[in-house]
Amino acid sequence: MQIDAAKDTESISKKPKTITVNVNERPVTFSEHKATGLEIKQTAIKQGVAIQEDFVLFEVKGNSPLKQIGDCETITLHEGQKFRATAPDDNS
């Protein structure tokens, strides 16, 4: 029984795990657990989110203030994480 469990664990660890986050309320899927702010925006754009690379990216955490994510800042992504990207001249 332990041999089967070991094989199951091994096969699970070999499967590429995707992470889905939300950018401007749209799902965006990543295959890596870490990404820069720019990579998050570029991936969102490729997956049809109507933003541009020069937008400002923020992490949304419940009722906490928005946390700005810089283009060169690397963060660890978590399933269901929420981001908002706004035009540089948008004051919202």
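Only a predicted model underlies this, so the values are computations on that prediction, with no experimental measurement involved.

Calculation notes
Residues numbered from 1 in each chain as written. Predicted model: local features only at pLDDT ≥ 70, side-chain atom pairs only at ≥ 80, totals over all residues. Heavy atoms only, no water. Core = buried A, V, L, I, M, F, W, Y, C linked by side-chain atoms within 4.5 Å. Buried < 20%, exposed > 50% of the residue type's maximum accessible area, 1.4 Å probe, protein only. Helix = DSSP H or I, 4+ residues; strand = E, 2+ residues; numbered from the N terminus. Pairing = 2+ DSSP bridges. Axes fitted to C-alpha atoms, helices over the stretch in contact; angles between N-to-C directions. Contact = heavy atoms within 4.5 Å.

Description of the nonpolar core
In step 1: Formed by 17 residues in total, the largest nonpolar core has its most connected members in Val21, Val23, Ile40, Leu77 and Phe83.
In step 2: If you list the elements that add at least two residues to this core, you get β1 (19-23), β2 (26-30), α2 (37-46) and β7 (82-86).
In step 3: Take this core: its biggest share by element is three residues, from β1.

Here's the deal with the pairing of strand β4 (residues 56-60)
In step 1: Note that β4 and β7 share five bridges and pair antiparallel. Each residue of the ladder has a partner; that of Val56, found in β7, is Thr86.
In step 2: Relative to strand β5 (residues 67-69), β4 runs antiparallel, the two sharing three bridges. Of the residues in β5, the one forming a bridge with Leu57 is Ile69.

Points about the sheet that holds β5
In step 1: Pairing is mixed in the open sheet, where five strands are placed in the order β2-β1-β7-β4-β5. At either end of the open sheet lies a strand with only one pairing partner, and these are β2 and β5. In this sheet, adjacent strand axes meet at a mean angle of 35 degrees when their direction is disregarded.
In step 2: Of the strand pairs in this sheet, β1 and β7 are connected by two bridges, and their pairing is parallel. Directly across from Asn22, in β7, lies its bridge partner Lys82.
In step 3: Where α2 meets the sheet, its contacts fall on β1, β2, β4, β5 and β7, and the angle it forms with β2 comes to roughly 115 degrees.

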